[in-house]
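Fold and contact review
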Amino acid sequence: MKQTIIMKTRQILRNPKAQKALQSLKPEKTVWGFFGVLLFFIVPEIIAFIWGGEITAYAREALLSAVSAPQRYYYEMLIMLFNEGGSWFNLGFGVLLLLWLFF
């Protein structure tokens, strides 16, 4: 079973259509591509690692005095995003995307 999966994976990676699909997913080597990966993957995780607890405490306190539904949704979203702290997986994925961008 394991050998079959390995063989199928190698066949897919050697397929020209699969290589073209992977190349089309690659971010462009521009300043916008670099900043896009940086701002959407790496910076939020660093913020979550450093200030995740403070942001969650603020959102929980502000949720108690939220007046409108959009405010409640905003604070609940902050709690959901920063409750667990940063994600090593997402941070690693962002670094891999940056490496993929330059190679």
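Presented here is a report on the structure given in the accompanying data block. (Residues numbered from 1 in each chain as written. Predicted model: local features only at pLDDT ≥ 70, side-chain atom pairs only at ≥ 80, totals over all residues. Heavy atoms only, no water.)

**Thoughts on the nonpolar core**
Core analysis: the biggest nonpolar cluster contains eight residues, these being Ala48, Ala59, Ala62, Ala66, Tyr75, Leu78, Ile79 and Phe82. Only helix 3 (31-64) and helix 4 (69-82) provide two or more residues apiece to this core. The dominant element in this core, judged by the number of residues it contributes, is helix 4, at four residues. When sequence neighbours within four positions are dropped, the list of residues in contact with Tyr75 reads Tyr58, Ala59, Ala62, Leu63 and Ala66. Counting residues in each nonpolar core, the second largest holds six residues, with Val37, Leu91, Leu97 and Leu98 among its members. (Core = buried A, V, L, I, M, F, W, Y, C linked by side-chain atoms within 4.5 Å. Buried < 20%, exposed > 50% of the residue type's maximum accessible area, 1.4 Å probe, protein only. Helix = DSSP H or I, 4+ residues; strand = E, 2+ residues; numbered from the N terminus. Contact = heavy atoms within 4.5 Å.)

**Thoughts on the side chain of Glu45**
For Glu45, the location among the structural elements is in helix 3. No salt bridge forms around the buried Glu45; measuring N to O, its nearest opposite-charge neighbour Arg60 is 16 Å away. At a separation of 2.6 Å, a polar atom in the side chain of Glu45 contacts the main-chain amide nitrogen of Ser87. Ignoring anything within four residues of it in the chain, the contact list for Glu45 reads Gly86, Ser87, Asn90 and Leu91. (Lys, Arg positive; Asp, Glu negative; His and termini not counted. Salt bridge = Lys/Arg side-chain N within 4 Å of Asp/Glu carboxyl O. Polar contact = N/O pair within 3.5 Å; in protein donor to acceptor, adjacent residues only side chain to side chain.)

**Some remarks on the packing of aromatic side chains**
Tallied over the full model, the rule gives seven aromatic pairs. Both rings, one in Tyr58 and one in Tyr75, keep their centres 6.0 Å apart while their planes meet at 80°; by these two values the pair is edge-to-face. With Tyr58 in helix 3 and Tyr75 in helix 4, the pair connects residues that are 17 residues apart, well separated along the chain. Classification of Tyr58 as partly exposed rests on a relative accessible area of 47%. Tyr75 sits in the buried class, given a relative accessible area of 12%. (Phe/Tyr/Trp six-rings, centres within 6.5 Å; stacked < 30°, edge-to-face > 60°.)

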